Amino acid sequence: MSDRLNVLKTYKLYVGGKFPRSESGRVYEVTDAKGKWLANAPQSSRKDARDAVVAARKAFGGWAGATAYNRGQILYRVAEMLEGRRAQFVHEVADAEGLSKSKAAEQVDATIDRWVWYAGWTDKIAQVVGGGNPVAGPYFNLSSPEPTGVVAVLAPQESSFLGLVSVLAPVIATGNTAVVVASEKAPLPALSLAEVLATSDVPGGVVNVLSGRTAEIAAPLASHQDVNAIDLAGADEVLAKELEIAAADNLKRVLRPQPVDDWTATPGIDRLTAFLETKTVWHPTGSLGAGGSSY
């Protein structure tokens, strides 16, 4: 019996619920920690970035308008699918980050747990950051959080899977849609995550995943007039400063790079609240006479 040839995987972008190749037709070589070739990843262009923003904007209304409970159900389904493909991600993370299989397994397990953790926050964050405000007058004064809109997310460069999920999950858990720029040197776990998202009830366009040169893709996202916010987690100091200046043109919310020593540590809710707006509504309670409120 002759030896068979392995079927090599073709990695593609994830835009609007579909898997296109880069508009430019370019690819670049992805290697493991020892320099061994792993795959050719699509090298996104500015046009790919713009297409991803269009898809994210189109999906925003439906995703933001879904009930928080429903978003939580959908995100928990993603965790179920990640669990089912655990072995694949262990292999990819081990190659991407030069880890042993046991260490990579710990990273993948932490990633799945992190996704579940954020899925559980979807219908609870409003109770933490919203509520009734005491005012001196015959009014109800209520504050409630609302998603910012389309968020560009530069994934961490070193933590290809756990870091990625730690910056992506809170963005979509709170009702935003995302354009993700995967780790430049280790994009394969992010591109495989896109395949999970496509089969996990997440509407097309809610998450869009681009791979390629971080600086090349991030520049048009930072200056794009229809991007509402940007997370610079994967940018170095020089690039972050350039992108922050570009983002100021339409007053984007900017989350500056923050050093993370241990991605497995409990993240808190800072990233959940980073891309939320607060809506405050005043509503009269009725006329107050000698007998008090008419309500």
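One numbering rule holds for all chains: residues counted from 1, following each sequence as written. The predicted origin of the model limits local features to residues at a pLDDT of at least 70 and limits the giving and counting of side-chain atom pairs to 80 or more, whereas totals for whole chains, interfaces and linings rest on all residues. Calculation of side-chain values draws on the structure's entire complement of heavy atoms; hydrogens and water are dropped beforehand.

Novice: Would you mind going over the packing of aromatic side chains with me for this structure?
Specialist: When we look at a pair of aromatic rings, we describe it by the centre distance and by the angle of the planes. Two rings from Phe, Tyr or Trp (for Trp, the six-membered ring) form a pair when their centres are within 6.5 Å of each other. A pair whose planes differ by under 30 degrees is stacked, one over 60 is edge-to-face, and the rest are tilted. Tallied over the full model, the rule gives 5 aromatic pairs. Here the aromatic rings of Trp117 and Tyr118 are separated by 5.1 Å at their centres, their planes lie at 80°, and the arrangement is edge-to-face. Take Trp117: its relative accessible area is 30%, and that puts it in the partly exposed class. Each residue is placed in one exposure class: buried if its accessible area under a 1.4 Å probe, protein chains only, is under 20% of its type's maximum, exposed if it is over 50%, and partly exposed if it falls in between. Among the residues examined, Tyr118 registers a relative accessible area of 1% and is labelled buried. Put simply, the rings of Trp117, Tyr118 and Trp121 pair up and form one aromatic cluster.

Novice: Can you walk me through the pairing of strand β2 (residues 37-42) in this structure?
Specialist: Within a regular strand, side chains alternate between the sheet's two faces. Pairing between strand β1 (residues 27-31) and β2: 5 bridges, direction antiparallel. The residue of β2 that forms the bridge with Val27 is Pro42. Strand pairing is assigned whenever DSSP identifies at least 2 bridges connecting the two strands. Helix numbers and strand numbers start at the N terminus; a helix is a DSSP run of H or I with at least 4 residues, a strand a run of E with at least 2. Connecting the antiparallel pair β1 and β2 is a turn made up of 5 residues, with Gly35 showing a positive phi of about 90°.

Novice: Any chance you could explain helix α1 (residues 46-65) here in plain terms?
Specialist: Every α-helical turn comprises 3.6 residues, leaving residues that sit three or four positions apart pointing alike. Between its first and last C-alpha, α1 extends 29 Å over 20 residues, near the 28 Å set by a 1.5 Å rise per residue. Two N or O atoms count as a polar contact when they lie within 3.5 Å, although within protein this holds only if one can serve as hydrogen donor and the other as acceptor, and sequence-adjacent residues are included solely when both atoms are side-chain atoms. Between the side-chain oxygen of the N-cap and the backbone nitrogen of Lys47 there are 3.3 Å, and the N-cap of α1 in question is Ser45. The span you would expect from a helix comes to 1.5 Å times its residue count less one.

Novice: Would you mind going over the pattern of salt bridges with me for this structure?
Specialist: Opposite charge on two side chains lets them pair, provided their charged atoms get close. A side-chain nitrogen of Lys or Arg and a carboxyl oxygen of Asp or Glu constitute a salt bridge if their distance falls within 4 Å. For the structure shown, the criterion picks out 14 salt bridges. Ionic pairing is found between Lys124 and Asp123, a salt bridge with its closest N-O pair at 3.1 Å. Asp123 sits in the partly exposed class, given a relative accessible area of 32%. Between Arg256 and Glu244 there is a salt bridge whose closest N-O contact spans 2.6 Å. Placement of the pair is Arg256 in the loop between β9 (253-255) and α10 (270-274) and Glu244 in helix α9 (residues 237-247), with a sequence separation of 12 residues. Residues joined by salt bridges that share partners form a network here, namely Lys9, Arg85 and Glu195.

Novice: Looking at this structure, how should I read the nonpolar core?
Specialist: One broad rule of soluble globular proteins: the nonpolar side chains tend to lie buried together. In plain words, nonpolar cores are sets of buried Ala, Val, Leu, Ile, Met, Phe, Trp, Tyr and Cys residues tied together by side-chain atoms within 4.5 Å. By size, the foremost hydrophobic cluster in this structure holds 61 residues, and its most contacted members are Trp115, Ile172 and Leu193. Counting residues in hydrophobic clusters, the runner-up holds 25 residues, among them Leu13, Ala56, Val150 and Ala235.

Novice: What's the story with the environment of Arg86 in this structure? I'm lost.
Specialist: Checked against the element boundaries, Arg86 lands in helix α3 (residues 86-97). Along the chain, Arg86 and Leu5 lie 81 residues apart, while their C-alpha atoms are 24 Å from each other.

Novice: What is the right way to look at the sheet that holds strand β3 (residues 131-132) in this model?
Specialist: Strand pairing within a sheet occurs via backbone hydrogen bonds; the two strands may be parallel or antiparallel. Read across the sheet, 3 strands follow the order β3-β4-β10 without closing on themselves; strand pairing throughout is antiparallel. Of all strands in the sheet, those with a lone pairing partner are β3 and β10 (276-284), marking the two edges. Here β3 pairs with strand β4 (residues 139-147) via 2 bridges, running antiparallel. Across the sheet, the residue bridging to Gly132 is Leu142, located in β4.

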